[in-house]
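Spelled out, the chains give:
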Amino acid sequence: MNWDDTTDATPDTERLVGSVADGEDQAVEAALRPKDLGEFIGQEKVREQLDLVLRAARARGATADHVLLSGAPGLGKTTLSMIIAAEMGAPIRITSGPAIQHAGDLAAILSSLQEGEVLFLDEIHRMSRPAEEMLYMAMEDYRVDVIVGKGPGATAIPLELPPFTLVGATTRAGLLPPPLRDRFGFTAHMEFYEPAELERVIHRSANLLDVEIDPQGAAEIAGRSRGTPRIANRLLRRVRDYAQVKADGHITRDIAGVALGVYEVDGRGLDRLDRAVLEALIKLFGGGPVGLSTLAVAVGEERETVEEVAEPFLVREGLLARTPRGRVATPASWAHLGLTPPQQTRGTSGQGDLFGA
């Protein structure tokens, strides 16, 4: 129920456990999105703080402060932007940073906004620098200077804008320049979901999709969803398909486990690529350390795919460590593959004996 749209096509869209939305995801998500903060599951602190911001703005009869939402894909940034517009009773305009390559592109969007309208700017950190600088004045003074002409004869024409609310979303908040970040009145970081929260997400989605699922089935799916609602809903749809074809349509723990086994998603949420990286690291290189390029060649993938698609989750789960000497398998990764680590990789971090510490 809480997800983000994206316009980027990446290798992650091809994975069942990828957090980037493809066309099918976006279509389903539109039907499953919660319509207000009361329906939104998870992100308790963010919801509480945002509710105060919006209620105060409504009480003053003013436009809500600009909002910056950061966090991994699939956690609910786009959904929250739509909820902000709904709570404020305002229309919403949706665009993305990569789509704004020139200051004129941004000026055209800003000049057509209505008073109080919400402008959702996804992947705001990827906006061009000239457009970014124009946005500073628009956010602070509700004004932009449109340059007419070129060279010595160029003229800056000030254009007044109606008050509006900018909701920026980013997966890499560190790339935002401080002048832009400081102009947001409210900043929130979206955390990964706990299994219990994902179970609630799955039950709500199953009800909307008219799918029968018992608590144990929901728990099984939640445990393999990598803390991300988008992935939970995608796995639910695939398990639903299996249950309709191979069973009576009712999802139990056993049905969910067998179905996700068919799709090669194991009990910890790892898929074929994740396991291939760990198996190459352990079986071919003795647990490492090994360079990223060598590891990518061993699994038959591009370096960027291993680094940007597989590694973040493996590192977050404590199954792989990045070190100055290369990638290292932790004892947890050996255990996950049912193997016994050699003596030098044992320990709480999997790196102590390796580096002589």
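Please refer to the structure higher up on the page.
Residues numbered from 1 in each chain as written. Predicted model: local features only at pLDDT ≥ 70, side-chain atom pairs only at ≥ 80, totals over all residues. Heavy atoms only, no water.

1. Considering the overall build of the protein chain
Looking only at helices and strands, one finds 14 helices and 11 strands in the protein chain. Counting over 357 residues, the protein chain shows a buried share of 50%. Sequence separation of 24 or more characterises 70% of the internal contacts of the protein chain that already satisfy a separation of 6 or more. Accessible surface, the protein chain as shown: approximately 15,900 Å² in total, 51% of it carbon and sulfur. (Helix = DSSP H or I, 4+ residues; strand = E, 2+ residues; numbered from the N terminus. Buried < 20%, exposed > 50% of the residue type's maximum accessible area, 1.4 Å probe, protein only. Contact = heavy atoms within 4.5 Å. Areas by Shrake-Rupley, 256 points an atom, 1.4 Å probe, with all protein chains shown as cover.)

2. Observations regarding the packing of helix 9 (residues 229-246) against helix 10 (residues 253-262)
Helix packing for two helices is described by the angle between their axes and how far apart those axes are. Packing of helix 9 against helix 10 brings their axes to within 9 Å, and their N-to-C directions diverge by 105 degrees. With respect to helix 10, the axis of helix 9 lies roughly perpendicular. Here Leu235, Val239, Tyr242 and Ala243 of helix 9 come into contact with helix 10, specifically with Ile255, Ala256, Val258, Ala259, Leu260 and Val262. Split by residue class, the contact of helix 9 with helix 10 holds 10 nonpolar, no polar and no charged. (Axes fitted to C-alpha atoms, helices over the stretch in contact; angles between N-to-C directions. Parallel < 35°, antiparallel > 145°, perpendicular 65-115°, else oblique. Nonpolar A, V, L, I, M, F, W, Y, C, P; charged D, E, K, R; others polar.)

3. Here's the deal with the sheet that holds strand 3 (residues 118-122)
With parallel pairing, the five strands of this open sheet are ordered in space as 2-3-6-1-7. At either end of the open sheet lies a strand with only one pairing partner, and these are strand 2 (92-96) and strand 7 (186-189). Adjacent strand axes in the sheet meet at a mean angle of 15 degrees when their direction is disregarded. In this sheet, strand 7 lies alongside strand 1 (residues 67-70) in parallel orientation, the contact comprising four bridges. Paired with serine 70 across the strands is histidine 189, a residue of strand 7. The sheet contacts of helix 2 (residues 44-60) involve strand 1 and strand 7, and relative to strand 7 the element is tilted by about 165 degrees. (Pairing = 2+ DSSP bridges.)

4. Considerations on the pattern of salt bridges
Under the counting rule described, the total for this entry stands at 17 salt bridges. Among the ionic pairs, aspartate 51 bridges to arginine 55, the shortest N-O distance being 3.3 Å. With aspartate 51 and arginine 55 both in helix 2 and four residues apart, the pair spans about one turn of that helix. Residue classification places aspartate 51 among the partly exposed residues on the basis of a relative accessible area of 23%. Measuring nitrogen to oxygen at the nearest pair gives 3.4 Å for the salt bridge that ties arginine 240 to aspartate 241. A cluster of three or more residues bridged by salt bridges with shared partners is formed by Glu220, Arg224 and Arg253. (Salt bridge = Lys/Arg side-chain N within 4 Å of Asp/Glu carboxyl O.)

5. What about the environment of glutamate 117?
Along the chain, glutamate 117 falls in the loop between helix 4 (103-111) and strand 3. Expressed as a C-alpha distance, the spacing of glutamate 117 and alanine 90, which sit 27 residues apart in the sequence, is 5.3 Å. Setting aside chain neighbours within four positions, we find glutamate 117 in contact with Ala90, Pro91, Ile92, Arg93, Ser112, Pro163, Phe164 and Thr165. Within polar-contact distance, the side chain of glutamate 117 engages the side chain of arginine 93 at 3.2 Å. (Polar contact = N/O pair within 3.5 Å; in protein donor to acceptor, adjacent residues only side chain to side chain.)

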